[in-house]
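Examining the three-dimensional arrangement
Here's the letter readout for the chains.
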Amino acid sequence: MKTPYDFRRLRSWELALALFAVSTPFVLPIASPPSFVRAAVAQDMQRADTSRLVSVGGAITEIVYALGEEGKLVGRDSTSVYPDAATKLPNVGYMRQLAPEGVIATNPTAIIAVEGSGPPETLNVLKEAKIPFQTISETFDRDGILAKIKIVGDVLGVPDKAAALSEKVQADLDAAVADAAKRPQSERKRVIFILSTQGGKIMASGTGTAADGIIALAGAVNATGSFPGYKPLTDEAIIEAKPDVVLMMSRSGGHAATDDELFAHPALSLTPAAKTKAVIRMDGLHLLGFGPRTAGAVRELNAAIYGKKPNASQ
């Protein structure tokens, strides 16, 4: 089926999110399994050899590096672009369109992947190849980040390192969120996250998404939080959303819409955001990754929305 979006012009993280959004326009939030279920799954993987690891999911790869276990990595997916050293690893493809040949070519002894990776046909081939495969559930909140750190640490056999990292990440994130939460509800701005403007259609973020999660943590309101997942909006819906701020992933090259081009849209031009040309552009993985750097993303987004400089000591 053809879509109005030219995916060839998007970078890897943008492509990953865009494909997911268009192929699943009404994405319901995935419930995270109880902690004891996560632990049981991780214990099964502890028996696996993780000396040659493939990581699928940008946040998962970041965690491996944050634990100092990057020496075990032999491959990563196309959303794993931080730190820069990760981009030097063999790329096994986009997380939802993995080719078994590309994964197996790295000769992995284990695979860690964020939930939703696939397709199922590829996972079946990897299962038949007897390659241990750990799936990690994802929720776009504080607990989801800490759960990912714990499972990755358990799988790699470094629970002490994971506990130390988790403590550090939790303290930093709690401080950032607490600072953002000080703003009274009546003063919180309405933010619309726009994934794409291709073909004149505004694809925006609803509930159960990474964008919805980061907007809430940063002390703002999702202006289009009345539907689940990502969805193309009608002009009427955009006007009724009354966003004070437009949030987008930063893009490079000639296909990146300028602020003037963005607010030339008939519906966006009638929003409060258009009056002040309030547009925030942030790196996609940093903004939406929900990994070890999320506290920084919360501070950066809060500062951009409300004009407050992040606390330098943090």
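Remember, predicted model here, so these are calculated numbers, not experimental data.

Basis of the calculations
- Residues numbered from 1 in each chain as written.
- Predicted model: local features only at pLDDT ≥ 70, side-chain atom pairs only at ≥ 80, totals over all residues.
- Heavy atoms only, no water.
- Helix = DSSP H or I, 4+ residues; strand = E, 2+ residues; numbered from the N terminus.
- Buried < 20%, exposed > 50% of the residue type's maximum accessible area, 1.4 Å probe, protein only.
- Contact = heavy atoms within 4.5 Å.
- Areas by Shrake-Rupley, 256 points an atom, 1.4 Å probe, with all protein chains shown as cover.
- Pairing = 2+ DSSP bridges.
- Right-handed = clockwise from strand over helix to strand, strands pointing away.

**Remarks on the overall build of the protein**
Looking only at helices and strands, one finds 13 helices and 10 strands in the protein. For the protein, the residues scored as buried account for 49% of the 314 residues in total. Contacts spanning at least 24 positions in sequence make up 61% of the contacts within the protein whose residues lie at least 6 apart. Accessible surface, the protein as shown: approximately 14,200 Å² in total, 55% of it carbon and sulfur.

**Topic: the environment of V54**
Residue position: V54 is located in strand β1 (residues 53-56). Each C-alpha atom, one on V54 and one on F133, is 9.5 Å from the other, the two residues being 79 residues apart in sequence. Excluding residues within four positions of it along the chain, V54 makes contact with V74, G75, V92, T106, P108, A110, I111 and I112.

**With respect to the pairing of β1**
Residues of β1 alternate between two faces, with L53 and S55 on one and V54 and V56 on the opposite face, all of them buried. Across 3 bridges, β1 lies against strand β2 (residues 73-76) in parallel orientation. From the neighbouring strand, V54 faces β2, where its bridge partner is G75. Handedness of the β1-helix α3 (residues 58-66)-β2 crossover: right-handed. Where β1 and strand β3 (residues 110-114) come together, 4 bridges link them in parallel fashion. Residue S55 lies in a different strand from β3, and its bridge partner there is I112.

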